[in-house]
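These are the residues of each chain, in order.
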Amino acid sequence: MLRLLIFSILVSIALSSEESEFDFSGIGRDEFEAHLREHGFSEEKIRQILPEQAEPNRNCTKKICAPKPLKKICADPERLDCAPRVKLNVTESCGFKASKFPSNLTWVRTRIHPANTRQGFLNAHMRLHHYLHGANKLRVTFTRGAPEISSLLYNKTTGVITGYDVAFYINTELYHIPSAPTNPDVNLELWEELPVYSRAFGDYGGQTNNSRSSYVKKQLKQLDQALKKANITNYVHDGLFLLAVYNPLGHAHGRKRYEVMRIIDDAKPKNKTRKVDN
């Protein structure tokens with residue numbers, strides 16, 4: 001059932017929980033590239049991981065950028081392979097959308113060590129990229145898909161983030177077989193159907209790090225307000241939300257699409273989340 005996926009996420013990120021403020025500031029291309037070198041990635045692999053520098057988004061006002069439409073981001077699977085997503089039969093408003101990721105999609109997931117630090121964020125991404133580039137039992141190289149989904153646990157009283165993990169989508173149909181990670185801190189999983197209410201927004205433009213953090217939380221608040229206005233209450237209220245990113249690290253400001261998400265909670269049976277042990 002859906003609760004099994006929610007429970008597995010909560011357990012995973014609670015293991016590393018430290019109640020402190022989370023920094024939603026972006027990781028610059030140069031910093032991320034330097035970190036890849038420090039972790040032993042070759043120049044060839046770095047070029048594969050980091051996309052070409054994108055042109056700035058012109059749909060920006062007051063340092064806030066409009067989200068790039070999914071149909072444009074996902075138009076070319078060779079550039080960015082997007083997870084399938086199905087629109088739900090829900091009356092939507094300008095404040096939210098309703099959709100689901102089908103069951104049995106493959107995700108590689110790890111948690112932040114320790115929680116809520118910039119270094120932990122970078123190290124988590126290094127573990128996932130090492131998996132994609134051969135740190136798996138079959139030594140297969142996989143292409144990272146989209147979105148990247150972060151699961152964030154927070155204190156409902158203070159609003160402070162207390163736990164965090166991150167997952168990449170992988171289209172394993174392209175490779176015919178999944179391959180389990182060699183790093184015990186990385187999990188390869190088949191997720192059950194994941195229905196969500198979401199609100200999209202663009203990159204943060206030239207905002208400071210503190211205002212970026214506030215902006216993400218503001219988007220979550222606006223999503224909750226839109227759901228309340230529509231009399232929608234069937235979503236998880238357990239101090240958990242998701243943050244999806246549809247463009248890879250390294251893009252120029254304004255080219256990313258972010259979505260804050262609430263997991264739709266219903267009583268319909270679903271497939272369990274399964275760990276892959278191949």
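Look up: the structure comes first, before these words.
Summarised in this report is the structure supplied together with it. (Residues numbered from 1 in each chain as written. Predicted model: local features only at pLDDT ≥ 70, side-chain atom pairs only at ≥ 80, totals over all residues. Heavy atoms only, no water.)

A look at the environment of methionine 261
Looking at where methionine 261 falls in the secondary structure, it is placed in strand E11 (residues 257-263). Taking the C-alpha atoms as reference, methionine 261 lies 6.6 Å from arginine 199; in sequence the two are 62 residues apart. (Helix = DSSP H or I, 4+ residues; strand = E, 2+ residues; numbered from the N terminus.)

What to know about helix H2 (residues 29-38)
Every α-helix winds through 3.6 residues per turn, so residues three or four apart in the chain are directed the same way. Of all the positions in H2, only Arg29, Phe32, Glu33, His35 and Leu36 are classed as buried. When H2 is viewed along its axis, its buried side chains cluster within an angular range of 160° and face the same direction. Turned more than 90 degrees from where H2 packs its buried face, Asp30 and Glu38 sit exposed. The elements touched by buried residues of H2 are helix H3 (43-49) and helix H5 (118-132). Immediately downstream of H2, the backbone of glycine 40 shows phi near 85°, a positive value. (Buried < 20%, exposed > 50% of the residue type's maximum accessible area, 1.4 Å probe, protein only. Arc of directions from axis to C-beta. Contact = heavy atoms within 4.5 Å.)

Thoughts on the side chain of threonine 106
With respect to the helices and strands, threonine 106 occurs in strand E5 (residues 105-111). Within the structure, threonine 106 has its side chain in polar contact with the side chain of threonine 172 (distance 3.1 Å). Apart from residues no more than four positions distant in its own chain, threonine 106 is found in contact with Phe168, Tyr169, Ile170, Thr172, Leu188, Glu189 and Leu190. (Polar contact = N/O pair within 3.5 Å; in protein donor to acceptor, adjacent residues only side chain to side chain.)

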